[in-house]
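Coordinate analysis (summary)
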Amino acid sequence: MRYIPSSTAERKKLLQVLGLDSSERLFDSIPAAYRLKRPLNLPPPQAEADLVAHMRELSRRNLDPYESAVFLGGGAYRHFIPAVVDHLISRAEFYSSYTPYQPEFSQGTLQGIFEFQTLICQLTGLEVANASLYDGASALAEGILLAHRAKRRSRVVVAGGIHPEYVRVARTLTSRLDIEMITPPLGSDGSASLDTIESILTSQTAALVIQQPNFLGRVEDVEILAEAAHRVGALCVVVVNEAVSLGLLRAPGSLGADVVLGEAQSLGVPLSFGGPYLGFMAVRSEYVRELPGRLVGQAKDSQGRVGYVLTLATREQHIRRERATSNICTNEGLCMLAATLFMATLGKQGMRELALQNHSRAEYAKAALARIPGCRIPHPGPTFNEFVLELPKEASAVHRKLLARGTVAGLPLGRFFPERKKDLLICVTEVNSRSQIDRLVKEMEEVL
Amino acid sequence: MTEPKASYPADLRYSKEHEWVRLEGTVGTVGITFYAQSELGDVVFVDLPQKGRALVAAEELGTIESVKAVSEIYAPMSGEVLEANESLRDQPEKVNADPYGEGWLIKMKVTEPSELEGLLTAEGYKKYVEEGGH
Amino acid sequence: MSVNRHPPKRREGLLFERSVPGKRGCDVPAWDGPVAGKLDRRWTREEIEGFPELSEREVVRHFTRLSKLNYANDEGLYPLGSCTMKYNPKVHEKIARLDGFAEAHPLLPDEAAQGCLQVMADLEGYLSEITGMDAFTLQPAAGAQGEFTGIRMVRAFHEARGNPRQVVLIPDSAHGTNPASAHLCGYRVEEVPSDERGCVNLADLKERMREDVAVLMLTNPNTLGVFEREIDEICRVVHSGGGLVYLDGANLNAFVGVARPGDMGVDVMHSNLHKTFSTPHGGGGPGSGPVGVKKPLERFLPVPRVVRVESGWRLREDFPDSIGKVHSFYGNFGMHVRAAAYILANGAQGLRRIAETAVLNANYLRKRLEGTYHLPYASASLHEVILSDRNLEKFGVKTLDVAKRLMDYGFHPPTIYFPLIVKGALMIEPTESEPIEELDAFVDAMIRIAREAEEDPEMVRTAPHTTPVGRLDEAAAARKPVLRWTPGETSGGKG
């Protein structure tokens, strides 16, 4: 009740103005049968200090992120977030405001989106990007829907190596529409096999979807895969889970990708047990009218001053209704702003250095782990900051023993792939120190 | 700015979906009416069919987008598309400024000229609009 | 007269325009290990062309200045209808940033994430009690995604009985996401007209409730702020035809703690944590749209689900009838934490008081404005009121103009031109978070604007006059879209 600014006396006064003798009368339009005769069965209200204590105690039931070494990736990445990000997204003008439908009062938000759109275009090498989507998985679903609309074809080849949860979500979100998703397995080297893919691409394929780096951490040859897609007139859609990789890897747009989409959580958005995250999508300019979600464009007022507005809104649900390109309404506003701040703060050089360091640390760990007797790297091709380590025994048992010692040794892949029960997906970023990595190697050796 | 008065050129025929057609021999020129463009607002994009596409009376042939709405365009008569107004790609505002002239949408070969009888005359359309238009 | 909002004295250009080669705002943590041999040039890029290079100081300046171009909920009334722009408690920000929550990786083993799972289980429980539904999923990232999830489950329910059916019924006053969501589930939409009270036309509904109707999507109170009094009969008609009732819970703030959708016959619904439950709107997101169901639909809920075992909580996938997954992980946990904290801070009485005050404030505004502005429906309003510009038509002043002029008075405008069934609609929802002074100031401004419409209509039609930019040419922006900065082009506004 401390959040309600009117006093009892003031509320009485308003009731009087309305000619009502009690607040109960405000609900006369609700049939009496539905009006609760009892208070809701909820815990008693907590004062702020008690609330914080309670929530802090709950948060402590999780693994302590600073007392343990965590080597997890798999679609969510631990990166250092500069203090500037949180400081600026905490400004009430940014977080307490609404979608910028009244542009004269929202130029801060709108310009921020315009800058984000530009940064995503620069990172991906494509011409136009939207103001963000819910997360990487729904971005994939939207990308598939876009290809279906743009090409008027109903088959989509989803290469092995796309994040398995993304594929599940994409199936759920597109299941009722006339779209067939074909999912060939990866090649034995842990990357998408051109031969396999070429054999299933047909003139009915709307898109070939590949992930870069793929779920096993391998760098894919986007250029030859894009060519194969284009030969049958299909779009090449590249999914990115780890956006920091774009600081080092070639922009997919420059390699033939028509759509680049995925997850930008790595760029300044906290892990937060899986959400809120930040989906993104960029496309070639000819597909701009098919782009789902919000778009901000430049505009001028009558005095020639430059401003920013939501534009091409007729694609969206609130005007097209059932003919909309999607049903999406919110974007991930504040997460998008966090990413813009992160990219602006790191800048051209910082993004490259951050990516190089991730790569160096992961390579160091990879080499050291591979030297452990019985362990090997089953897919020795190029990787960014994630790789598969094959153990001599069942991975989840080893993982549990290491967890008891305060180390989260990556992700046991048997969870997603029954044939990979001995494999761990290890991710190393700049928050994993050398001593943490050395300790991981030492403990792994001890446990095996 | 003074608003131009609504107009209903007498040499045209009109559909209840607010398209007009001007028939010259077997060639029909199709567009949307003054009333339609004023309801839509400033037109920003027009999506027109390719040359050669078959048209069936009352079926959708394309869409018109304004800042605040999207509207389907329906073929007033059956036939085949001869030409689409490419200039609307760069200047969609012509649809607002001159809906019966430079803002034409397509030219078509008309295969069933008798369908003209089912369309409204200028008088009939004017009455239709004044009574609510739907 | 008008409140000046102090637009900034200097125009702020784009980030990219103040970029200077060699600058950077942040150093990457030191690495004392070997630097990896370079990846083959085939895979690597030279540099990110056009990416900005700025010092930390300049980044802070730029975004601080940008923030001042925004109006904030923290500075004044933000009466957007059906958005529920209520106060965002600051302690939530502190709680969401606790290390144990903020740094929790979603793929941690369940045993290492018990705190997060407890929060989610607690929130599911609170929402069930508040709404009268039997079970919840917290996965949908927003209301619209919640709608999709709910309708998808409806479809699964009908499919399990041998016939998915074809049609979704939606009132003509509904939010645009409703038909879009239905279409995504493979359904056809039929509109049910509203009657003169602004409510669902029951006779029409009876006629339309055929065997091919899967579900009626209802908002209650509807987008006119009016409670569908006949909900009992509405649900009976739909149920007796074998269909289900979906509730769009966007307007829950009108009766939270006072009544429960689950008691009214609703089979499935979504709620909006960023509306009723105070999580910040963030300039357009992130939101969260948990979906609640009655028992018959529980087996279709998305997986994984938070399940109680002897030693604590687990995320379980073994629900073979589940519709699948709608989020990469488990939904927007950061918003779950905030909403749970909000419910704990308020308790049952607090929630009820919220609904009372929200409805009180909205009716106060209605009472004070209905003489000046046209009131299209006489039915009782709950938490929001719809007015229109009909009384100003004779002066050539429209709803859009009133909205723009309100900005000169220092208020964010209400929602305009929605719902579509009211021509020139102004949809006003003050929420419970407004003191009387703010409500009176808003009424004052609205009345003055009505007078200005009569005495100086041109001034209203060309408003706003005191904001950083005036009305922008949206048609030109849509005809020749400029959607990004390109090197060699300027924003034209710097300095």
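Residues numbered from 1 in each chain as written. Chains lettered and ligands numbered in written order. Predicted model: local features only at pLDDT ≥ 70, side-chain atom pairs only at ≥ 80, totals over all residues. Heavy atoms only, no water.

Attention now moves to the packing of helix α5 (residues 107-124) of chain A against helix α11 (residues 333-370) of chain A. Between two packed helices, both the angle of their axes relative to each other and the distance between the axes serve to describe the pair. Residue and element names in this part refer to chain A. With their axes 10 Å apart at the nearest point, α5 and α11 run at an angle of 45° to one another. It follows that α5 is oblique to α11 by the angle criterion. Between α5 and α11 the crossing geometry is left-handed. Together, G112, I113, E115, F116, L119, I120 and L123 of α5 and M336, A339, T340, M343 and M351 of α11 make up the contact between the two elements. Across the contact of α5 with α11, the residue classes tally to 9 nonpolar, 2 polar and 1 charged. (Axes fitted to C-alpha atoms, helices over the stretch in contact; angles between N-to-C directions. Helix = DSSP H or I, 4+ residues; strand = E, 2+ residues; numbered from the N terminus. Parallel < 35°, antiparallel > 145°, perpendicular 65-115°, else oblique. Left-handed = near helix turned anticlockwise from the far one by under 90°. Contact = heavy atoms within 4.5 Å. Nonpolar A, V, L, I, M, F, W, Y, C, P; charged D, E, K, R; others polar.)

So, on to unusual backbone geometry. Note that the residue after N220 of chain C, namely P221 of chain C, is joined by a cis bond; omega there is -5°. Turning to its location among the elements, P221 of chain C is positioned in the loop between β4 (213-219) and α8 (231-240). Unlike most non-glycine residues, F273 of chain A shows phi in positive territory, near 50°. Mapped onto the fold, F273 of chain A is located in the loop between β7 (259-263) and β8 (279-283). Of the residues examined, F273 of chain A reaches a relative accessible area of 2% and is grouped as buried. Although it is not a glycine, T84 of chain C adopts a positive phi angle of roughly 50°. Tracing the sequence through the fold places T84 of chain C in the loop between α1 (56-67) and α2 (90-96). (Buried < 20%, exposed > 50% of the residue type's maximum accessible area, 1.4 Å probe, protein only.)

Let us look at the interface of chain B and chain C. The interface of chain B with chain C comprises 8 residues on the first partner and 5 residues on the second. Here chain B packs against chain C, burying approximately 480 Å² in sum over the two surfaces, 55% of which is carbon and sulfur. Our enumeration of links across chain B and chain C arrives at 1 salt bridge. A salt bridge links E93 of chain B to R479 of chain C, with the nearest nitrogen and oxygen atoms 3.5 Å apart. Linking chain B with chain C are 3 residue pairs in polar contact (both at pLDDT 80 or more), by the criterion used here. Considered class by class, the residues forming the side of chain B that touches chain C number 4 nonpolar, 1 polar and 3 charged. (Buried area = accessible area lost by both parts, 1.4 Å probe. Salt bridge = Lys/Arg side-chain N within 4 Å of Asp/Glu carboxyl O. Polar contact = N/O pair within 3.5 Å; in protein donor to acceptor, adjacent residues only side chain to side chain.)

What follows deals with the environment of L411 of chain A. Mapped onto the elements of the fold, L411 of chain A is located in strand β13 (residues 411-412). We classify L411 of chain A as buried; its relative accessible area is 3%. Each C-alpha atom, one on L411 of chain A and one on F71 of chain A, is 8.1 Å from the other, the two residues being 340 residues apart in sequence. Dropping the residues within four chain positions of it, L411 of chain A is found in contact with L72, F215, F416, D423, L424 and L425 of chain A together with L107 of chain C.

This part covers the confidence of the model for chain C. Mean pLDDT for chain C: 93, with 97% of residues reaching 70 or above. Reported confidences for the modelled complex are a pTM of 0.93 and an ipTM of 0.96. (pLDDT = per-residue confidence, 0-100.)

The next subject is the sheet that holds strand β11 (residues 415-416) of chain C. Residues and elements named next belong to chain C. The strand order across the open sheet built from 3 strands is β10-β12-β11, with neighbouring strands paired in antiparallel fashion. Of all strands in the sheet, those bounded by a partner on one side alone are β10 (385-388) and β11. In this structure, β10 lies alongside strand β12 (residues 425-428), joined through 4 bridges in antiparallel fashion. Residue S388 lies in a different strand from β12, and its bridge partner there is A425. (Pairing = 2+ DSSP bridges.)

So, about the environment of P302 of chain C. Residue and element names in this part refer to chain C. By secondary structure assignment, the location of P302 is in the loop between α9 (295-298) and β8 (305-309). On a C-alpha basis, the gap between P302 and P106 in space is 17 Å, while along the polypeptide they are 196 residues apart. Discounting residues that sit within four places of it in the chain, P302 has contacts with T137, Q139, T149, M153, S322, I323 and G324.

Below, the discussion takes up the sheet that holds strand β2 (residues 128-129) of chain A. All names here are of chain A. Strand order in this open sheet of 7 strands is β2-β8-β7-β6-β5-β3-β4, and the pairing throughout is mixed. The sheet terminates laterally at β2 and β4 (180-182), the two strands that pair on one side only. Judged from the 4 bridges that link them, strand β6 (residues 235-240) and β7 form a sheet pairing that is parallel. Pairing of V237 across the sheet is with V259, part of β7. Docked against the sheet, α5 engages β2, β7 and β8, running at close to 65° with respect to β8.

Residues and elements named next belong to chain C. Counting buried positions along strand β9 (residues 312-316) gives 4 out of 5 residues, so the element sits mostly inside the fold. Two strands pair when backbone bridges link them, and β8 and β9 are joined in this way by 5 bridges, in the antiparallel orientation. Residue pairing in the sheet places V309 in a bridge with G312 of β9. Linking two consecutive strands that pair antiparallel, namely β8 and β9, is a turn of 2 residues.

Let us now look at helix α12 (residues 395-404) of chain A. All names here are of chain A. Within the sequence span of α12, burial applies to A395, V398, H399, L402 and L403. Each buried residue of α12 sits inside an arc of 140° when the element is viewed along its axis, so together they form one side. Pointing more than 90 degrees away from the buried face of α12 are the exposed residues R400 and A404. The inward-facing, buried residues of α12 abut β12 (407-408), β13, β14 (423-427) and α13 (434-447). In the segment just after α12, G406 is the residue with positive phi, at about 90°. (Arc of directions from axis to C-beta.)

Right, let's talk about the pairing of β12 of chain C for a bit. Residues and elements named next belong to chain C. Of the two faces of β12, the one holding A425 and M427 and the one holding L426 and I428 are both buried throughout. Relative to β12, β11 is paired through 2 bridges, and the arrangement is antiparallel. Residue pairing in the sheet places T415 in a bridge with M427 of β12.

This brings us to empty space enclosed by the protein. All names here are of chain C. Enumeration according to the criterion identifies 13 cavities of 30 Å³ or more in this entry. In this model, the second largest cavity occupies a volume close to 100 Å³. The wall of the second largest cavity is formed by M120, E124, F136, T137, L138, Q139, P302, P304, R305, V306, L315 and Y330. Counting only elements with at least two residues in the lining of the second largest cavity, the list comes to α4 (114-131), β1 (135-137) and β8. (1 Å grid on protein atoms, 1.4 Å probe; cavity = no way out; pocket = protein on both sides within 12 Å on 5 of 7 lines; lining within 4 Å. Points joined across faces, edges and corners; volume = space filled by probe spheres on them.)

Taken together, the contact between chain C and chain A spans 208 residues of the former and 185 residues of the latter. Carbon and sulfur atoms make up 64% of the area that chain C and chain A hide from each other, which totals about 17400 Å². Taken as a group, W31, R45 and L483 of chain C account for 5% of the area that chain C buries against chain A, more than any other trio of residues on that side. Taken together, the links from chain C to chain A amount to 10 salt bridges. D86 of chain A is the salt-bridge partner of R97 of chain C, the closest N and O atoms lying 2.7 Å from each other. Between the two partners, chain C and chain A, sit 70 residue pairs in polar contact (both at pLDDT 80 or more). At 28 residues, helix α10 (residues 333-369) of chain C tops the list of elements feeding residues into the side of chain C that touches chain A. Residues that form the side of chain C that touches chain A fall into these classes: 110 nonpolar, 52 polar and 46 charged.

Next up on the list: the nonpolar core. In globular proteins that are soluble, nonpolar side chains generally tend to be buried together. If you look at the biggest cluster of nonpolar residues, it comprises 215 residues, and the most contacted ones within it are M55, L267 and F273 of chain A together with I95, F101 and Y373 of chain C. By residue number, the principal contributor to this core is α10 of chain C, which donates 19 residues. Every residue in contact with L267 of chain A, bar those within four places of it in the chain, is listed here: L123, A243, V244, A338, A339, F342, M343 and M351 of chain A. One finds V283 and L295 of chain A together with Y187 and Y246 of chain C within the second-largest nonpolar core, a separate group that totals 67 residues. (Core = buried A, V, L, I, M, F, W, Y, C linked by side-chain atoms within 4.5 Å.)

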